[in-house]
Amino acid sequence: MKKRTSFFSLIKKAGFYMVILVILVYLLFPFYWAVNSSLKTEAQLFMTPATAVPRDPATLEFAPTLQNYATVLQDNQFLRGLVNSTVVATATTALALVAGSFAAFALGKLRFRGRKPALYLILAMTMFPQVTVLAGLYAVISALGLSARVSMIFSYMIFTLPFTTWVLTSFFKGLPDALMESAQVDGATPFQTFHRILLPLTAPALVTTGLLAFIAAWNEYLFALTFTSIDPTARTVPVAIAYFTGAVARQEPFGEIMAAACLVTVPLVVLVLIFQRRIVAGLTAGAVKG
Amino acid sequence: MAAKNSNAPEEKGFFTRKPKLSKLARREEKLALKLLLPALIIITLIAFYPLAQVFYTSFTDRVFASGQETSFVGFDNYRRLLSMNITELEPLIDEVSGELLLDPDTGQQLYERPIDKLPREPVRYRELNQFNLFGKRYVLGATDPNFIDAVKNTVGFTVISVLLELILGLAIALVVNSKFAFRGAMRAAMLVPWAVITVVSARMWEWMLAPSRVGMFNSFLDWLGLVDSPVAFLAAGGYQLPALIAVDVWKTTPFMALLLLAGLQTMPEDIFEAAEIDGAGKIRQFFAITLPLLKPAMVVALIFRTLDALRVFDIFQVMLGSSTYSMASYNYFQLIGNRNMGLASAIGVIIFIFIFIFALSYMKMMGVDEE
């Protein structure tokens, strides 16, 4: 009898890890193909059938090349792009999280007139396609006389601020009102209640929205392309990659693009690895009782 | 008399309590306003003018990047985009014999040409499709069939991909939410598709879906012996939308999964413990506790995914070029290709309205945001 249950639990466990394996393959295989392509030369890329690892076209032996990575890492524009992207995405995320969590606390936990219109006004900010608002946005940016990097940070608010505000509002709403009331009884001002008690409780939501907003800002292309047109030194990674030129005129350096994409994804994965613990650490032992 | 007396203090209490309550409420209102201020300043500074300009421009005939004088044209842009017309087509009759004319190849009845029947004023209508109803033949015409197709493509794309993302994202979030070894690494790996730069990801998939054995998928299908000749996934035809949906689902499922995971993480564990004690099984717990508690996070995730999907641009532009449009890539074509800024703005407003309708119906359907 006992043996049987352990046998079943073993099967269950194996099944569970099978599911995880399937998910991982689904999510990572296309990225593996990017890594694979980044290690191929031009000739290897055009081999038929496509090979799952870089192979020599004649002998079919395993023959990866690091040439694409070398080229990318010697490209000053790309390296500068990494710095620019980091600065812009970090500042965007910080601003969107601060302004977003303030607004979200008001929208999720306080009673005031015009709550719903405010909620929809903030969402309306992001309901136009980027191309449509570009001309008007460009006019605003030039009127304010902002530098390229600052204009990217502000224009990225259009898609990050509504996102952080809405996600955090829904999480604040989910926190029990009793929490606020008991803090108020203890003599805490509403703002103290907000940043000492409620904010730490929403840590999983803060980290999650922060990561998603950071990546969205990191990957943005159209605004970056437009606002760095006057200042090429401010180009972010996606724009720098778009400006890659092949050895032969008008030929797209696909291997190099893939190498750059892989290089750029690594710091993001490291970032997630650092912050992911926070996603779980949000609600520790019984913070919400009663 | 006695009743009147007992009423008096209550009435008094009601009146004395009111100003006190409103004082507290006023303080709360003031705090809310202060907290909203940073967001409102950003909106006013960055978003107000561009958004207002799009609405205004949609009623004009403004030309992009030119000094040409613009004039107010009312709803003309919207009329040009959305006008549709149904016209009956008469069967063709042989003038000599007076019999119905049939197609010599297929033997089917021939009808008048739609182009002769559809209205030409004030704007020319073009054929969208033909259909039979009660034995009569009709043609559905539109002034801008490309846009109507773009709407159809985008809405179909949105509904299917968001639904798949919700299901997959929920499954992944539930798996990652349980405790197992390498959970941290799994959480990082899970975000990889979302982290790959969008423009590059579109190029990467275009390469993988290449219409020859240079592409991964055709090599694989060929190796399995499933196809005789390479499949042109991205050429006009039945594979276009499914291919794009597959790419979008791969790329954005992590977004959905992570938001739902955060929702799962903020659920108090004691509810589940209590349910366990009451003898509720895992499946019952999922439907009775997890799903209802997850609703708010789900609505927000759905709204933002739908919003992005309705504005989908990159993958249509990079992978399909001008063979098939989404609303946003048609918008781009009208603005950059035709420099028709008025019309492009009207498309923007139509997308805006679509998103608004979707967002409102999610909130209503899920019963979120009820006071």
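Residues numbered from 1 in each chain as written. Chains lettered and ligands numbered in written order. Predicted model: local features only at pLDDT ≥ 70, side-chain atom pairs only at ≥ 80, totals over all residues.

Re the overall build of chain A
Rules: Helix numbering and strand numbering both begin at the N terminus, where a helix is a DSSP run of H or I of at least 4 residues and a strand a DSSP run of E of at least 2. As defined in this context, the radius of gyration uses C-alpha atoms, and a globule is described by 2.2 Å times the residue total to the power 0.38. Buried residues are those with 20 or more other C-beta atoms within 10 Å of their own C-beta, exposed residues have 12 or fewer, and partly exposed residues lie in between; C-beta atoms are placed from the backbone. C-beta atoms are first placed from the backbone for all residues, and any pair lying within 7 Å is then listed as a contact.
The secondary structure content of chain A amounts to 13 helices and 0 strands. Ordered by position in the sequence, the α and β elements of chain A form the string α-α-α-α-α-α-α-α-α-α-α-α-α. Here the C-alpha atoms of chain A give a radius of gyration of 24 Å, more than 25% beyond the 19 Å that 2.2 N^0.38 yields for 290 residues. With the C-alpha coordinates of chain A rotated into their principal frame, the extents come out at 80 × 80 × 30 Å. Looking at chain A residue by residue over its 290 residues, the buried ones come to 46%. Taking the contacts inside chain A whose residues are at least 6 apart along the sequence as the reference set, 76% of them involve residues at least 24 apart.

Overview of helix H7 (residues 198-208) of chain B
Counted residue by residue, H7 of chain B has 9 buried out of 11 residues, so it is predominantly covered. Along H7 of chain B, the positions that sit buried rather than exposed are Thr-198, Val-199, Val-200, Ser-201, Ala-202, Arg-203, Met-204, Trp-205 and Met-208 of chain B.

Notes on the interface of chain B and chain A
Going by this rule: Throughout, the ten residues Ala, Val, Leu, Ile, Met, Phe, Trp, Tyr, Cys and Pro are labelled nonpolar, Asp, Glu, Lys and Arg are labelled charged, and all others, Gly among them, are labelled polar.
Opposite the 76 residues of chain B that make contact, chain A presents 83 residues. Here the side of chain B that touches chain A takes 18 residues from helix H1 (residues 2-57) of chain B, the largest share from any one element. Here the side of chain B that touches chain A is composed, by residue class, of 58 nonpolar, 11 polar and 7 charged.

Details of unusual backbone geometry
Phi at Leu-60 of chain A is positive, roughly 65°, even though this residue is not glycine. Within the fold, Leu-60 of chain A resides in the loop between helix H2 (42-45) and helix H3 (67-73). For Arg-339 of chain B, which is not glycine, the phi torsion reads 55° and is therefore positive. With respect to the helices and strands, the residue Arg-339 of chain B is situated in the loop between helix H13 (327-337) and helix H14 (341-366).

Quick notes on the domain arrangement of chain A
Residue and element names in this part refer to chain A. Keep this limit in mind: The domain boundaries here were taken from an automatic or database domain assignment.
According to the domain assignment, chain A contains domain 1 (1-65) and domain 2 (70-280). For domain 1 versus domain 2, the distance between C-alpha centres works out to 32 Å. Taken together, the contacts link 8 residues of domain 1 with 6 residues of domain 2. Elements represented by at least two residues in the side of domain 1 that touches domain 2 include exactly helix H1 (2-38) and H2. Looking at the side of domain 1 that touches domain 2 element by element, the count peaks at 4 residues for H1. Per-class residue counts for the side of domain 1 that touches domain 2 are 3 nonpolar, 3 polar and 2 charged.

Considerations on the environment of Ser-326 of chain B
Residue and element names in this part refer to chain B. Secondary-structure assignment places Ser-326 in the loop between helix H12 (314-320) and H13. In this structure the C-alpha to C-alpha distance between Ser-326 and Ala-171, which are 155 residues apart in sequence, comes to 29 Å. When sequence neighbours within four positions are dropped, the list of residues in contact with Ser-326 reads Ala-150, Asn-153, Thr-154, Phe-157, Val-312, Phe-313 and Phe-316.

Thoughts on the nonpolar core
For the record, the criterion: As used here, a nonpolar core is made of buried Ala, Val, Leu, Ile, Met, Phe, Trp, Tyr and Cys residues. They are joined through C-beta atoms within 7 Å.
Residues Ala-103 and Ala-261 of chain A together with Leu-259 and Leu-260 of chain B are the most contacted members of the largest nonpolar core, which totals 178 residues. It is helix H7 (residues 148-174) of chain A that provides the largest number of residues to this core, a total of 15 residues. Each residue touching Ala-261 of chain A, except ones within four places of it in the same chain, is listed here: Ala-34 of chain A together with Val-196, Ile-197 and Val-200 of chain B.

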